[in-house]
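Coordinate inspection notes
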Amino acid sequence: MGLRYLTAGESHGPQLTAILEGLPAGMPLLTEDINAELARRQQGYGRGRRMQIEKDTVEIMSGVRHGQTLGSPVALVVKNNDWKHWTKIMGAEPLVDMEEDEVKRKVTRPRPGHADLNGGIKYGHRDMRNVLERSSARETTVRVAAGAVAKKLLSLVGVNIVAHVVEIGGIKANVDRTLTLEALKERSESSPVRTVDPNVEQDMMNAIDEAKKSGDSIGGIVEVIAEGMPAGIGSYVHYDRKLDAKLAGAMVSINAFKGVEFGIGFEAARKPGSEVHDEIAWDKETGYYRKSNRLGGFEGGMTTGMPIVVRGVMKPIPTLYKPLMSVDIETKEPFSASIERSDSCAVPAAAVVAEHVVAWELANALVEQFYSDRFETFVEEIQKQREYARGF
Ligand code: EPS
């Protein structure tokens, strides 16, 4: 069995919780490893006011002792600072001094593009706040926390991962493909829109300003690159063992993500096979490698040992200050959709989320494939696999 996790928490509830299970025992893990990633998710030009209220920090409640995992479940908690403004509206106790109809912030006008209406129909929530509180991208906080633990595991077995923004509101970054992963990290980290192309940074920020001014929102494309995965992780033998499929599922599970591609992606539809597949070569030091990486690190649902390159498209956030038309579910009359606090663009933050959901899937694939009770042995087994693949 591999890794698994559950998250719990409403956007304006007391806290977000994640329980991680299946981590090897004896893996170094510090609170700070997770907090550093949570801070990255909070940044990005175009974020809304909620990020000024929160300073997301994690408490490790179980499964770690003296800086090392125990092999038991790891419970992570991130408190919502905003909760203090919502104790009545979001409290778990029955209302006593207020009638249900008087509860403020009741949502009866579903936002087009959000989970509101479908979620209301599914669970019978006529106050669609019951839907939006959980469907909110606030939950990505603890997905990043879980992914931060996975990233730590990956870094200790020589797998390095970065995410950056390749497009915002139709403005495309020109990515210098000769940059090292470290250089990509440095550049994207110092950019307010997490792009590695300084020439478009200002244009992206202007596009976000424009959207904000007109009460609108814009989306974009993020790219995750992971280097150092050994070859032959995942499997071709059955659909649910294909690692690229798991990555695709993880990407589309991020709020507002609508599509995924690997390597040259959809461009492969327009090119002949000779310009899509990557020629195989071998040398003593690296072992097998591909002369190009157009397939983005996957063949047959398995890693090739080349960098994994996966991109995801994020639609504009559906909560608009200049709302689209909707229907009030009480009166069935046409009405402007409800307005909630929102971000005009969350693509830079979504890049951080994408990095972490990919990290989780990669860590899971390693834990599934190798002996993983004791971390030290786990590391040795992965190293052995690399040597085996080199000489194969
Ligand atoms: C988010 C917190 C949320 C939203 C945003 C993401 O907080 P609030 O609703 O209090 O402003 O800002 O989520 C959405 C806009 C959405 O539509 O899901 C966060 O922590 O990232």
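Throughout what follows, the structure given in this document is the object of discussion. (Residues numbered from 1 in each chain as written. Predicted model: local features only at pLDDT ≥ 70, side-chain atom pairs only at ≥ 80, totals over all residues. Heavy atoms only, no water.)

This part is about the overall build of the protein. Within the protein, the secondary structure is distributed over 11 helices and 17 strands. Taken over C-alpha atoms, the radius of gyration comes to 22 Å for the protein, in line with the 21 Å a tight globule of 392 residues would show. Seen through its C-alpha atoms, the protein measures out along the principal axes to roughly 75 × 50 × 40 Å. Looking at the protein as a whole, 49% of its 392 residues are labelled buried. Long-range contacts, defined here as pairs at least 24 residues apart, represent 70% of the contacts in the protein between residues at least 6 apart. Accessible area for the protein stands at about 19100 Å²; split by element, carbon and sulfur atoms hold 53% of it. (Helix = DSSP H or I, 4+ residues; strand = E, 2+ residues; numbered from the N terminus. Rg over C-alpha atoms; globule rule 2.2 N^0.38 Å. Buried < 20%, exposed > 50% of the residue type's maximum accessible area, 1.4 Å probe, protein only. Contact = heavy atoms within 4.5 Å. Areas by Shrake-Rupley, 256 points an atom, 1.4 Å probe, with all protein chains shown as cover.)

Within the largest apolar cluster, 85 residues are counted, with the highest numbers of intra-cluster contacts made by Met251 and Leu362. Considering each element in turn, this core owes the most residues, 14 residues, to helix H10 (residues 347–369). In contact with Leu362, other than residues within four places in its own chain, are Leu154, Ile161, Ala226, Met229, Leu243, Leu247 and Ile308. (Core = buried A, V, L, I, M, F, W, Y, C linked by side-chain atoms within 4.5 Å.)

Looking at chain direction, strand S1 (residues 4–8) and strand S2 (residues 15–21) are connected through 5 bridges and run antiparallel. Note that in S2 the partner of Arg4 across the bridge is Glu21. (Pairing = 2+ DSSP bridges.)

What follows covers the site of the ligand. Taken together, 15 residues are adjacent to the ligand, and His12, Arg41, Arg50, Ala137 and Arg341 come closest. Side-chain polar atom of His114 to an oxygen atom of the ligand: 2.9 Å apart, as the coordinates give it. Within the backbone of Ala137, a nitrogen or oxygen atom sits 2.8 Å from an oxygen atom of the ligand. Contact with the protein chains hides 93% of the accessible area of the ligand, taken as 470 Å² for the molecule alone. Residue composition of the shell around the ligand, grouped by class: 3 nonpolar, 6 polar and 6 charged. (Near = heavy atom within 4 Å. Polar contact = N/O pair within 3.5 Å; in protein donor to acceptor, adjacent residues only side chain to side chain. Nonpolar A, V, L, I, M, F, W, Y, C, P; charged D, E, K, R; others polar.)

Moving on, we come to helix H7 (residues 181–189). Within the span of H7, buried status applies to Leu181, Leu184 and Ser188. Looking down the long axis of H7, one finds its buried residues gathered within 55° of arc, a one-sided arrangement. The inward-facing, buried residues of H7 contact strand S7 (160–168) and strand S9 (220–227). (Arc of directions from axis to C-beta.)

This part covers a nonpolar patch on the surface. A surface patch of nonpolar side chains, amounting to about 630 Å² of accessible area, comprises Ile280, Trp282, Tyr288, Tyr388 and Phe392. Structurally, Phe392 can be placed in the segment after helix H11 (375–391). A relative accessible area of 63% means that Phe392 is categorised as exposed. (Patch = residues over 30% accessible without salt bridge, like charges linked within 9 Å, V, L, I, M, F, W, Y side chains within 5 Å. Salt bridge = Lys/Arg side-chain N within 4 Å of Asp/Glu carboxyl O.)

Another aspect to go through is the packing of helix H1 (residues 31–42) against helix H6 (residues 140–156). It is the contact of H1 with H6, at a shortest axis distance of 9 Å, that shows an interaxial angle of 135°. As the angle between them shows, H1 and H6 are arranged oblique. Crossing angle aside, the handedness with which H1 passes H6 is right-handed. Taking contact as the criterion, the partners of Asp33, Ile34, Glu37, Leu38, Arg40 and Arg41 in H1 are, on H6, Thr140, Thr141, Val144, Ala145, Ala148, Val149, Lys151 and Lys152. Looking at side-chain class alone, the contact of H1 with H6 contains 6 nonpolar, 2 polar and 6 charged residues. (Axes fitted to C-alpha atoms, helices over the stretch in contact; angles between N-to-C directions. Parallel < 35°, antiparallel > 145°, perpendicular 65-115°, else oblique. Left-handed = near helix turned anticlockwise from the far one by under 90°.)

Strand order in the open sheet made by the 4 strands is S1-S2-S6-S3, with antiparallel pairing throughout. With partners counted over all chains shown, the strands left at the sheet margins are S1 and strand S3 (58–60), one partner each. Pairs of neighbouring strands in the sheet enclose a mean axial angle of 20°, with direction left out of account. In this structure, S3 lies alongside strand S6 (residues 74–79), joined through 3 bridges in antiparallel fashion. Paired with Glu59 across the strands is Val77, a residue of S6. Against the sheet, H1 engages S3 and S6, with an angle of about 155° to S3. Sheet strands in contact with H6 are S1, S2 and S6, and its direction is about 30° off that of S2.

Counted under the stated rule, the structure contains 4 aromatic pairs. If you follow Arg109 out to its NZ or CZ, it ends over the ring of Phe335, 3.6 Å from the centre. Across the ring face of Tyr123, the terminal group of Lys122 is positioned such that the distance to the ring centre comes to 5.1 Å. (Phe/Tyr/Trp six-rings, centres within 6.5 Å; stacked < 30°, edge-to-face > 60°. Lys NZ or Arg CZ within 6 Å of the ring centre and 35° of its normal.)

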